[in-house]
Amino acid sequence: MEVNPLKNRLKDKNIILASGSPRRKQILEELGLSFSVEIRKVIETYPSHLTPPEVAIYLANLKAEPFKKDLGENDILITGDTIVCLENKILGKPKDREEAFEMLSRLSGKEHQVISSVCLKSKDKLFEFKDITLVHFNKLSKFEIDYYLDYYQPYDKAGAYGIQEWIGQIGIKKIEGSFYTVMGMPTHLLYENLMKF
Ligand SMILES: Cc1cn([C@H]2C[C@H](O)[C@@H](COP(=O)(O)OP(=O)(O)OP(=O)(O)O)O2)c(=O)[nH]c1=O
């Protein structure tokens, strides 16, 4: 018998992760899931009246949209979204170094929220949920920000940083909530909801 409780529960299921994020893939592998990755591009826009948590749920749903008609009897589709929110404004992925520098300078010395949402979709079930973690950054010097931007790749990351990287080690003094929510997926909620299938 398979000993991993999640894998055991889902042994007859076909799990599809619809995400191009290497972090989400890594997180699911570490959970012990067997799954395939399939990406179908969507344009990530959202109605401007939505609050940041609503945006996160909206985008996770949007990413599931292109798969909905094709889901087979045993398929479970996983999509997610991660949003960085500073003083109630959403910081997306930086388009260039200048924008990345500006984002990190704004995050420096302050606390912000990271919201990660998940949409789980099968032929007849839908679970959507989100989690919020508070992240407190130390004051970052120009030297530290420049070093991070020289040696790491912040451009595919919301807010221009990866908590799992050097900047997270030296720059984050405290988090309130799940580390994995910041990295891209609230694993405790993912586990809880996947066990419902
Ligand atoms: C804040 C933060 C974000 N991130 C990453 C997680 C997500 O990959 C990314 C946020 O962008 P998303 O749009 O949520 O995801 P994505 O475009 O990478 O992948 P897909 O839409 O195909 O699922 O930022 C980190 O790796 N570490 C962090 O500390």
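Scroll up to find the structure.
These figures come from a predicted structure and were not determined experimentally.

Student: Sorry, what's going on with the environment of Ile 170 here?
Tutor: Mapped onto the elements, Ile 170 comes out in helix H6 (residues 166–171). Sequence spacing of Ile 170 and Glu 144 is 26 residues, and the spatial spacing of their C-alpha atoms is 9.2 Å.

Student: Teacher, can you tell me more about the pairing of strand E6 (residues 126–137) here?
Tutor: Each regular strand shows side chains that alternate between the opposite faces of the sheet. With 11 bridges joining them, strand E5 (residues 111–121) and E6 adopt antiparallel strand pairing. Looking at E6, one finds that Val 114 is bridged to Thr 133. Summarising the sheet, E6 and strand E7 (residues 172–176) pair through four bridges and their orientation is antiparallel. Directly across from Leu 134, in E7, lies its bridge partner Glu 176.

Student: Explanation requested: the site of the ligand in the structure shown.
Tutor: Lining the immediate surroundings of the ligand are 20 residues, of which Ser 19, Arg 24, Lys 63, Lys 93 and Ile 163 lie closest. With respect to the ligand, the side chain of Arg 23 contributes an N or O atom lying 2.8 Å from an oxygen atom. In this structure, an oxygen atom belonging to the ligand sits 3.2 Å away from a main-chain N or O atom of Ala 158. In isolation the ligand has 610 Å² of accessible area, and contact with the protein removes 93% of it. More than half of the atoms of the ligand fall within 2 Å of the grid points belonging to the largest pocket. Of all the secondary structure elements, the ones that give two or more residues to the shell around the ligand are helix H2 (22–31), strand E3 (75–86) and helix H7 (179–183). Here the element with the most residues in the shell around the ligand is E3; it accounts for three residues.

Thresholds applied
- Sequence order as written defines residue numbering, which begins from 1 separately in each chain.
- This being a predicted model, a pLDDT of at least 70 is required before a residue's local features are given, and a value of 80 or more before pairs of side-chain atoms are given or counted; all residues contribute to the totals for chains, interfaces and linings.
- Side-chain descriptors were evaluated using all non-hydrogen atoms of the structure, hydrogens and water having been removed beforehand.
- Segments assigned H or I by DSSP are reported as helices when at least four residues long, segments assigned E as strands when at least two residues long, and all are numbered from the N terminus.
- Two strands are counted as paired when DSSP detects at least two bridges linking them.
- Near, as used in this document, describes a residue that has one of its heavy atoms within 4 Å of the molecule or strand being considered.
- For this analysis, a polar contact is any N or O atom pair within 3.5 Å, provided that within protein one partner can donate a hydrogen and the other can accept it, and provided that sequence-adjacent residues contribute only side-chain to side-chain pairs.
- Accessibility throughout is a Shrake-Rupley quantity obtained with a 1.4 Å probe, and a residue counts as covered only by protein chains that appear here.
- Of the grid points, spaced at 1 Å and generated over the protein atoms alone, those admitting a 1.4 Å probe that cannot get out make up cavities, while open sets with protein on both sides within 12 Å along at least five of seven lines make up pockets; any residue with an atom within 4 Å of a point is treated as lining.
- For a molecule to be placed in a cavity or pocket, more than half of its atoms must lie within 2 Å of the grid points of that cavity or pocket.

It is worth stressing that arrangement in space is one thing and function is another; only the former is reported here.
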